[in-house]
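Tertiary structure, described
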Amino acid sequence: MKRHLVAVSAAASLALLLAPGVHAADSRASGVAAVAAANPYERGPAPSTASIEALRGPYAVSDTSVSSLAVTGFGGGTIYYPTSTSDGTFGAVVISPGFTALQSSIAWLGPRLASQGFVVFTIDTNTTLDQPDSRGRQLLAALDYLTQRSTVRGRVDATRLGVMGHSMGGGGTLEAAKSRPSLKAAVPLTAWNTDKTWPEITTPTLVIGADGDTIAPVATHSEPFYQSLPASLDKAYLELNGATHFTPNASNTTIAKYSIAWLKRFIDDDTRYEQFLCPIPRPSLTIAEYRGSCPLGS
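The residue numbering used here restarts from 1 in each chain and proceeds along that chain's sequence as written. Local features in this predicted model are restricted to residues of pLDDT 70 or higher, and side-chain atom pairs are both shown and tallied only at a pLDDT of 80 or more, whereas totals for entire chains, interfaces and linings draw on every residue. With hydrogens and water stripped out, all remaining heavy atoms of the structure feed into the side-chain values.

Remarks on the pattern of salt bridges
How we decide: The term salt bridge refers to a pairing of a side-chain nitrogen on Lys or Arg with a carboxyl oxygen on Asp or Glu at a separation within 4 Å. Only DSSP runs of H or I covering at least 4 residues are called helices, and only runs of E covering at least 2 are called strands; the numbering of each starts at the N terminus. The buried label goes to any residue with under 20% of its type's maximum accessible area, the exposed label to any with over 50%, and the partly exposed label to all in between, with areas taken from a 1.4 Å probe on protein chains only.
All chains considered together, the criterion is met by twelve salt bridges. In this structure, Asp144 engages Arg180 in a salt bridge whose closest nitrogen and oxygen atoms are separated by 3.0 Å. Taken together, the residues span a long stretch of sequence, with Asp144 in helix H5 (residues 132-148) and Arg180 in the loop between helix H6 (168-179) and strand S6 (185-189) at a distance of 36 residues. Judged by relative accessible area, Arg180 falls into the partly exposed class, the value being 22%. For Asp269, the salt bridge goes to Arg265, with nearest N and O atoms at 3.3 Å. Here the salt bridges share partners, and the residues they tie into one network are Asp157, Arg160, Lys264 and Asp268.

Structure representation (structure tokens):
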């Protein structure tokens, strides 16, 4: 439907341009307005490879700490959000750390994603030993807190939410997507889970694995996770080249680039970002393998 609307807008703009008595400036304005109306969730300028690989996007970012004593169901965390409110509300993403880890291990993703036009909540879990099913419930509890009780809830569009997580937090990401089909995007990072099959998931999912992962080897984790997702689902599998299980714990341009593109495409319904996902990216110095469904959203 989105593509149809944009196509109609483009055709209408051309018709206006050719119509007698219609000025070019008027027709361009009409075309821009029609495209904007087709997707009210676009945030930020048109993307480029440089813009989504940058350490910071177009939005200035603020953050606020959330004490574990002020919440229930998870361990508190840090909310990163665009400072400006001129673009309206933003989609939101909650991110869980992995086994024995704290939110500091995935904190780099907070400002990096938020500066691209998201509200991002990096959380601590109730205990560092929590298993994936528990982390999945905690991701959802954090989303509910973010949209209903947090000091930035007015900046969040509660209908456009996603989840991410590392290791057992990545396993929790799959659990959360299974439990809450209304989620718009899921990105498990070198995920670990004893459950290998996820045919119930209907949330567009980008599975990111690492070729050198010995804790959650791709052959027994990320690959079967991806393969078990429904064939009809918008899904992708990115295997990092020369990477380990802990690669997502430090700033990484490849992880950021494809996570941003995926979140923009599905949380914001922003087809401007599909260019980075389709055609399928080829193997490179940073990508060992990439699989996916193209075109997306069809």
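Focus: the pairing of strand S2 (residues 77-82)
For the record, the criterion: A pair of strands counts as paired when DSSP detects no fewer than two bridges linking them.
The buried fraction of S2 amounts to six of the six residues, a majority that puts the element mostly inside the structure. Burial along S2 is two-sided: the residues Gly77, Ile79 and Tyr81 and Thr78, Tyr80 and Pro82 are all buried. Note: strand S1 (residues 61-66) against S2, six bridges, orientation antiparallel. Across the sheet, Ser65 pairs through a bridge with Thr78, a residue of S2. Across four bridges, the pairing between S2 and strand S4 (residues 118-123) is antiparallel.

Observations regarding the side chain of Gln103
Which entries qualify depends on this criterion: Identification of polar contacts relies on pairs of N or O atoms within 3.5 Å, with a donor-acceptor requirement for protein atoms, meaning one able to donate a hydrogen and the other able to accept it, and with residues adjacent in sequence counted only if both atoms are side-chain atoms. Contact definition: two residues touch when any of their heavy atoms are within 4.5 Å.
With respect to the helices, strands and loops of the structure, Gln103 is situated in the loop between strand S3 (90-96) and helix H4 (109-114). Classification of Gln103 by relative accessible area gives buried; the value is 14%. At a separation of 3.1 Å, a polar atom in the side chain of Gln103 contacts the side chain of Thr78. In this structure the side chain of Gln103 is engaged in a polar contact, spanning 2.9 Å, whose partner is the side chain of Thr122. The contacts of Gln103, once residues within four sequence positions are left out, are Gly77, Thr78, Pro97, Thr122, Ile123 and Asp124.

Concerning helix H8 (residues 253-267)
Let me state the cut-off plainly: Expected span of a helix, by definition, is 1.5 Å for each gap between consecutive residues, and there is one gap fewer than residues.
For H8, with 15 residues, the first-to-last C-alpha span of 20 Å sits near the 21 Å given by 1.5 Å per residue. Burial analysis of H8 places 14 of its 15 residues in the buried class, the great majority of the element. Near the N-terminus of H8, the side chain that reaches the backbone nitrogen of Thr254, with its oxygen 3.1 Å away, is that of Asn252.

A look at the sheet that holds S1
The cut-off we apply is this: Between N-to-C directions, angles cover 0 to 180 degrees, with each direction set by a line fitted to C-alpha atoms, over the stretch in contact for helices.
Spatial ordering of the open sheet is given by S1-S2-S4-S3-S5-S6-S7-S8-S9, a layout of nine strands whose pairing is mixed. In this open sheet, the two strands that pair with only one neighbour each are S1 and strand S9 (287-292). Taken over all neighbouring pairs, the strand axes of this sheet differ in orientation by 15° on average, direction set aside. Bridge count between strand S5 (residues 156-166) and S6: five bridges; the pairing is parallel. When the sheet's bridge partners are listed, His166 is paired in S6 with Leu189. H6 contacts S3, S5, S6 and strand S7 (205-210) of the sheet and is inclined by roughly 140° relative to S5. Of the strands in this sheet, S3, S4, S5, S6, S7, strand S8 (235-240) and S9 are in contact with H8, which crosses S6 at around 160°.

Focus on the packing of aromatic side chains
Under the convention used in this document: Note on ring pairs: Phe, Tyr and Trp rings are taken, using the six-membered ring of Trp, and paired if centres are within 6.5 Å. Classes follow the plane angle, with under 30 degrees stacked, over 60 edge-to-face and the rest tilted.
If you walk through the whole model with that rule in mind, you get eight aromatic pairs. The interplanar angle of 50° and the centroid separation of 5.9 Å between the aromatic rings of Tyr258 and Tyr290 together place this pair among those described as tilted. With a gap of 32 residues between them, Tyr258 in helix H8 and Tyr290 in strand S9 connect regions that are remote in the sequence. Residue classification places Tyr290 among the buried residues on the basis of a relative accessible area of 9%.

The values reported here are purely geometric and, on their own, carry no functional implication.
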